[in-house]
Amino acid sequence: MSSEDWKLYGFAPVPRDPDILFKDHPTASGPSPKQDPFIADDFPLPDSPLVREVRAFAQKELDEQTFNHSNRVFVYGSALVKTHFPEWKYHETPTAVETYALSCLLHDIGTAEKFLATTHMSFEFKGAIVARDLILSLGGPESEADSVCDAIIRHQDIFVKGGNITMVGQILQLATILDNVGLRANLIHPRLIETTTAKFPRKGWSEHFARVIEKELTLKPWCHTTTFEVPNWKTGVQSNFATDVRGNEVMRPFD
């Protein structure tokens, strides 16, 4: 492990808890946060051989709704960090952008038909292993594969308050929860949402993902997704997480 790799692949530690991250933030706190007028085309995926191969794998294994969600997450996260965290130097570090792109494309790979019902593992953990193995098999750097793996494992650790997370992991968390339930959508411009959902249509993503949540809960009542549920959640109890996803009012006009 190179002592300098963390600088290249998005390992910089940032606060895990968004309430800490955004507390008294100069552009993201208050009733009228900054909204740069970006559009989806401002944030294309990196055109590297590794990203192209991973994109092709994701498009083959994921259904259309999940593949489009993965692309929207890349756009929203890239815009969030450019507007509100320029000090992270994300956009000035091509390897970090590539690492985030790979994380986005593969963060839900564990929900693919090929993987979800073929393991007892929670989808994030299985998906992280699949992602790491894939990147290494394609000749990607081990540190980049590790960063992607770490981000995917933790991308649903929404209720962890203490400590830190990697920069790439935090961007992934913020962008996925924005697309899934509309949280902190006021940190990006409405035009970005309009152009991103036009380029990567939701096609009923809220209902689609809610059903994926319910499927995993039924298959694996021990899974990590149960952290969104009431303590000692039992099969048959309505899922809080699925309800929140279905209740995404911000994205309802685009579903």
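Structure: see above.
Everything quoted here is computed from the prediction, not taken from an experiment. (Residues numbered from 1 in each chain as written. Predicted model: local features only at pLDDT ≥ 70, side-chain atom pairs only at ≥ 80, totals over all residues. Heavy atoms only, no water.)

Examining the overall build of the protein
For step 1, the next point in the chain: Regarding its fold elements, the protein presents 12 helices and two strands.
For step 2, the next point in the chain: Across the protein, helices and strands are ordered from the amino to the carboxyl terminus as α-β-α-α-α-α-α-α-α-β-α-α-α-α.
For step 3, the next point in the chain: Taken over the C-alpha trace, the protein has a radius of gyration of 17 Å; the compact-globule value for 255 residues is 18 Å, and the two agree within 12%.
For step 4, the next point in the chain: Its C-alpha atoms give the protein principal-axis dimensions of roughly 45 × 45 × 35 Å.
For step 5, the next point in the chain: Residue burial in the protein is summarised as follows: out of 255 residues, 55% are buried.
For step 6, the next point in the chain: Put simply, of all contacts in the protein between residues at least 6 apart along the chain, 77% involve residues at least 24 apart.
For step 7, the next point in the chain: Of the roughly 11300 Å² that the protein leaves accessible, carbon and sulfur atoms contribute 56%.
For step 8, the next point in the chain: Averaging the positions of the 26 positive and the 34 negative side-chain charges in the protein gives two centres separated by 2 Å. (Helix = DSSP H or I, 4+ residues; strand = E, 2+ residues; numbered from the N terminus. Rg over C-alpha atoms; globule rule 2.2 N^0.38 Å. Buried < 20%, exposed > 50% of the residue type's maximum accessible area, 1.4 Å probe, protein only. Contact = heavy atoms within 4.5 Å. Areas by Shrake-Rupley, 256 points an atom, 1.4 Å probe, with all protein chains shown as cover. Lys, Arg positive; Asp, Glu negative; His and termini not counted. Charge placed at Lys NZ, Arg CZ, Asp CG, Glu CD.)

Notes on the nonpolar core
For step 1, the next point in the chain: F74, Y76, W88, Y90, Y100, L106 and I188 are the most contacted members of the largest nonpolar core, which totals 59 residues.
For step 2, the next point in the chain: Listed by contribution, the elements that provide at least two residues to this core are α3 (49–61), α4 (64–84), α5 (94–106), α7 (123–137), α8 (142–153), α9 (167–181) and α10 (190–199).
For step 3, the next point in the chain: For L106, the residues in contact, after removing those within four places along its chain, are V54, F57, A131, L134, I135 and I152.
For step 4, the next point in the chain: One finds W205, V212, W233 and V245 within the second-largest nonpolar core, a separate group that totals 14 residues. (Core = buried A, V, L, I, M, F, W, Y, C linked by side-chain atoms within 4.5 Å.)

A look at the packing of aromatic side chains
For step 1, the next point in the chain: Enumeration according to the criterion identifies nine aromatic pairs in this entry.
For step 2, the next point in the chain: Where W205 meets F209, the ring centres are 5.1 Å apart and the plane angle is 10 degrees; that geometry is what we call stacked. Highlighted residues: W205 and F209, both in helix α11 (residues 205–219), separated by four residues, approximately one helical turn.
For step 3, the next point in the chain: The buried category is assigned to W205, whose relative accessible area is 0%.
For step 4, the next point in the chain: Each member of the aromatic cluster is reached from another via a ring pair, and the members are F159, W205, F209, F228 and F241. (Phe/Tyr/Trp six-rings, centres within 6.5 Å; stacked < 30°, edge-to-face > 60°.)

Comments concerning empty space enclosed by the protein
For step 1, the next point in the chain: Per the counting criterion, the structure on display carries two cavities of 30 Å³ or more.
For step 2, the next point in the chain: Of the voids in this model, the largest cavity is the one considered here, and its volume is about 60 Å³.
For step 3, the next point in the chain: Ranked by residues supplied to the lining of the largest cavity, first place goes to α9 with three residues.
For step 4, the next point in the chain: Looking at the lining of the largest cavity, its residues break down into five nonpolar, four polar and one charged. (1 Å grid on protein atoms, 1.4 Å probe; cavity = no way out; pocket = protein on both sides within 12 Å on 5 of 7 lines; lining within 4 Å. Points joined across faces, edges and corners; volume = space filled by probe spheres on them. Nonpolar A, V, L, I, M, F, W, Y, C, P; charged D, E, K, R; others polar.)

Considerations on the environment of R132
For step 1, the next point in the chain: Position of R132 relative to the elements: it lies in helix α7.
For step 2, the next point in the chain: With a relative accessible area of 22%, R132 lands in the partly exposed category.
For step 3, the next point in the chain: In sequence terms R132 and E53 are 79 residues apart; their C-alpha atoms lie 14 Å from each other.
For step 4, the next point in the chain: Among all residues touching R132, those that are not within four sequence positions of it are E142, A145, D146 and C149.
For step 5, the next point in the chain: A polar contact is formed between the side chain of R132 and the side chain of E142, at a distance of 2.9 Å. (Polar contact = N/O pair within 3.5 Å; in protein donor to acceptor, adjacent residues only side chain to side chain.)

Let's talk about unusual backbone geometry
For step 1, the next point in the chain: Despite not being glycine, K89 has its phi angle at roughly 60 degrees, a positive value.
For step 2, the next point in the chain: As for its position among the elements, K89 is in the loop between α4 and α5.
For step 3, the next point in the chain: Even without glycine at this site, K203 takes up a positive phi of about 50 degrees.
For step 4, the next point in the chain: Considering the arrangement of structural elements, one finds K203 in the loop between α10 and α11.

A closer look at the pattern of salt bridges
For step 1, the next point in the chain: Enumeration over the complete set of coordinates arrives at 20 salt bridges.
For step 2, the next point in the chain: D36 serves as the salt-bridge partner of K34, at 3.8 Å between the closest nitrogen and oxygen.
For step 3, the next point in the chain: Residue K34 is classed as partly exposed on the basis of its relative accessible area of 40%.
For step 4, the next point in the chain: Note that R132 is salt-bridged to E142, the shortest N-O span being 2.9 Å. Of this pair, R132 sits in helix α7 while E142 sits in helix α8, and the two are 10 residues apart along the sequence.
For step 5, the next point in the chain: Look at E142 and you get partly exposed, because its relative accessible area is 49%.
For step 6, the next point in the chain: Three or more residues are tied together by salt bridges with common partners; here these are R72, D179, R202 and D255. (Salt bridge = Lys/Arg side-chain N within 4 Å of Asp/Glu carboxyl O.)

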